[in-house]
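Residue-level structural notes
This is what each chain is made of:
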Amino acid sequence: MPFHVMIIPTLRCPGMCKYCWGSDKQAEIMDISIVENIKEWLECFRCDDEVHFTFHGGEPLLPGYDYYKDAFKILNTLPNHSGYSMQSNLWLLDDEIADLLVENNVILSTSIDGPKEITDYQRGEGYYDKTMRSVHLAEDKGLYVSYVCTFTSYSKDYASEIYDYFKDLKATVKIHSALPSLRGENADPWALNQEDYGKLMVELLDKYLYDLDKFQIMDFDHMAKSSFIRRGTLCAFNDCVGDTLAVGHDGNIYPCYRFVGMDEYIMGNVKDKPTVEDLESSNAYKLLHEFNDYVKEDCKRCRFIKHCNGGCPYNGIVAAQSPKAVDPQCQAYKLIFQNMKDRQKQDLIKNGIPGMPGAKTSQEKEEGEPFTIMDLMTK
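So, here's what we can say about the structure.

Quick notes on the pattern of salt bridges
Applying the stated rule across the entire model yields 17 salt bridges. A salt bridge links K156 to D157; its shortest N-O distance comes to 3.0 Å. Overall, K156 belongs to the partly exposed group, its relative accessible area being 23%. As a salt-bridge pair, K214 and D211 come within 3.5 Å of each other at their nearest N and O atoms. On the basis of relative accessible area, K214 is assigned to the partly exposed category, the value being 39%. Connected via shared salt-bridge partners are K167, D211, D213 and K214.

Structure below.
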């Protein structure tokens with residue numbers, strides 16, 4: 001089975017996003033020796049499984065060109081590595097780094113919250129221009145760039161403008177909702193409550209079904225597939241414990257990048273070359289399994305339990321200050337999945353079962369008519 005290692009070179013970031021809860025302006029930067037330690041650890045940790053690396057932060061480009069030149073050289077020696085991703089604001093991207101990322105087939109993702117006015121209001125004056133300047137550089141080099149759009153208590157009122165912005169870009173975009181944090185209160189006023197989040201997503205789905213051939217909203221693609229196959233495929237809906245790991249600047253291992261820097265969620269350190277059993281014996285791992293055990297009992301009568309698995313453990317722990325809680329956006333998830341189920345039932349009545357005689361296909365839809373939810377589920 002493939003697994004995912006997120007490398008967090010630093011939690012430092014030059015951005016000033018108003019709802020950010022994950023950066024630390026004084027954070028140290030990972031020494032290249034830690035990357036060597038990661039490689040040595042993975043040579044004897046699940047070495048028969050493919051591993052995908054994501055560089056995250058903070059701002060992962062802060063260590064600079066020489067760091068990444070050496071990091072790729074080291075990690076490329078692992079025979080089971082399956083590729084690289086990077087989540088970055090891209091401000092520090094230049095021709096030299098871009099060429100290095102091309103050489104190593106790195107998939108990029110960056111955060112833009114919609115049109116310039118909205119993005120700069122939420123993320124700081126000048127953010128939009130700096131990021132999009134680097135997006136154009138990356139795309140000119142042939143790099144693939146997708147987007148993360150965070151909806152807040154402010155930007156939810158501009159959903160149509162934000163939707164049209166990404167559609168015009170022909171973008172691939174993933175939607176986040178702003179969350180409260182365990183690390184401070186600055187993010188709390190921006191947090192999107194679950195009722196607003198659920199209504200927002202249903203509203204956006206209404207629009208998206210007219211535009212499946214124009215751009216991609218990854219959340220709906222994954223949620224529709226989860227609804228169809230009755231198994232979570234999106235990160236927040238998949239049991240990621242043990243299959244996603246994050247390594248901080250000092251080599252400490254955490255369950256996910258969201259926990260990096262939180263001592264109670266340290267599972268081990270790459271310098272010690274922990275085994276799967278070592279990580280599973282850590283208090284952090286046990287806390288995450290408390291979440292899973294709670295979900296199995298608390299949600300066992302929910303018709304959507306197989307779709308979402310209780311949602312994101314971090315979200316639940318943050319909201320309740322305890323692992324014995326589901327993702328606080330549970331009601332929103334139910335609203336979205338129920339909406340998809342209702343649409344599916346209507347589609348089957350109207351158009352028949354796909355692949356069966358007499359069923360209407362998406363190629364037969366009339367001009368101006370939306371795609372069906374079944375088109376999205378089987379996309």
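From this point, the narrative continues.
A word on the side chain of E59
By the secondary structure assignment, E59 is in the loop between β2 (51-55) and α2 (65-75). Polar contacts involving the side chain of E59 include one to the main-chain amide nitrogen of L61, which spans 2.9 Å. A distance of 2.7 Å separates a polar atom in the side chain of E59 from a polar atom in the side chain of S88. Residue contacts for E59: discarding those within four places in its chain leaves T10, R12, C13, P14, S88, N89 and L90.

A closer look at a negative patch on the surface
A cluster of acidic residues, D66, D70, D94 and E96, forms a negative patch on the protein surface. Looking at the secondary structure, you find D66 in helix α2. Here D66 falls in the exposed class, since its relative accessible area comes to 56%.

Overview of the pairing of strand β6 (residues 172-177)
For strand β5 (residues 145-151) and β6, the ladder comprises five bridges, and the chain directions are parallel. From the neighbouring strand, V148 faces β6, where its bridge partner is K174. Summarising the sheet, β6 and strand β7 (residues 216-217) pair through two bridges and their orientation is parallel. Across the sheet, residue T172 finds its bridge partner in β7, namely Q216.

A word on helix α10 (residues 283-298)
Think of an α-helix as 3.6 residues a turn; residues three or four steps apart then line up on the same face. Over its 16 residues, α10 extends 22 Å from the first C-alpha to the last, a length consistent with the 22 Å expected when each residue adds 1.5 Å. Buried within α10 are the following residues: A284, Y285, L288, F291, N292 and V295. Around the axis of α10, the buried residues are gathered within 115° of arc, so they sit on the same side.

A few points about the nonpolar core
Across soluble globular proteins, nonpolar side chains have a tendency to be buried as a group. One finds F53 and F166 to be the most contacted residues of the largest nonpolar core, which totals 110 residues. In contact with F53, other than residues within four places in its own chain, are V5, I7, I38, L42, L75, L78, H81, G83, Y84 and S85.

As for the packing of aromatic side chains
To describe a pair of aromatic rings, one takes the distance between the centres and the angle between the planes. Summed over all chains, the structure comprises 26 aromatic pairs. Plain terms: the ring middles of Y19 and W190 are 6.4 Å apart, the flat faces sit at 55° to each other, and that makes the pair tilted. Placement of the pair is Y19 in the loop between β1 (3-7) and α1 (32-42) and W190 in the loop between β6 and α7 (194-208), with a sequence separation of 171 residues. When its relative accessible area of 8% is taken as the criterion, Y19 is described as buried. Overall, W190 belongs to the buried group, its relative accessible area being 14%. Here Y197 and Y333 contribute two aromatic rings whose centre-to-centre distance is 6.3 Å and whose plane-to-plane angle is 80°, an arrangement assigned as edge-to-face. Of this pair, Y197 sits in helix α7 while Y333 sits in helix α13 (residues 330-351); the two residues are 136 residues apart in sequence, bridging distant segments of the chain. Taken as a pair, Y197 and Y333 share a single burial class, namely buried. Ring-pair connections join several aromatic residues into one group, and the members of that group are F53, F55, Y67, Y68, F72 and Y84. Sitting over the ring of W91, K130 keeps its end group 4.4 Å from the ring centre. The cationic tip of K207 hangs over the ring face of Y163; the distance from NZ or CZ to the ring centre is 5.9 Å.

Criteria and cut-off values
- Residues numbered from 1 in each chain as written.
- Predicted model: local features only at pLDDT ≥ 70, side-chain atom pairs only at ≥ 80, totals over all residues.
- Heavy atoms only, no water.
- Salt bridge = Lys/Arg side-chain N within 4 Å of Asp/Glu carboxyl O.
- Buried < 20%, exposed > 50% of the residue type's maximum accessible area, 1.4 Å probe, protein only.
- Helix = DSSP H or I, 4+ residues; strand = E, 2+ residues; numbered from the N terminus.
- Polar contact = N/O pair within 3.5 Å; in protein donor to acceptor, adjacent residues only side chain to side chain.
- Contact = heavy atoms within 4.5 Å.
- Patch = residues over 30% accessible without salt bridge, like charges linked within 9 Å, V, L, I, M, F, W, Y side chains within 5 Å.
- Areas by Shrake-Rupley, 256 points an atom, 1.4 Å probe, with all protein chains shown as cover.
- Lys, Arg positive; Asp, Glu negative; His and termini not counted.
- Charge placed at Lys NZ, Arg CZ, Asp CG, Glu CD.
- Pairing = 2+ DSSP bridges.
- Expected span 1.5 Å × (residues − 1).
- Arc of directions from axis to C-beta.
- Core = buried A, V, L, I, M, F, W, Y, C linked by side-chain atoms within 4.5 Å.
- Phe/Tyr/Trp six-rings, centres within 6.5 Å; stacked < 30°, edge-to-face > 60°.
- Lys NZ or Arg CZ within 6 Å of the ring centre and 35° of its normal.

Any link to function would need more than the numbers given here.
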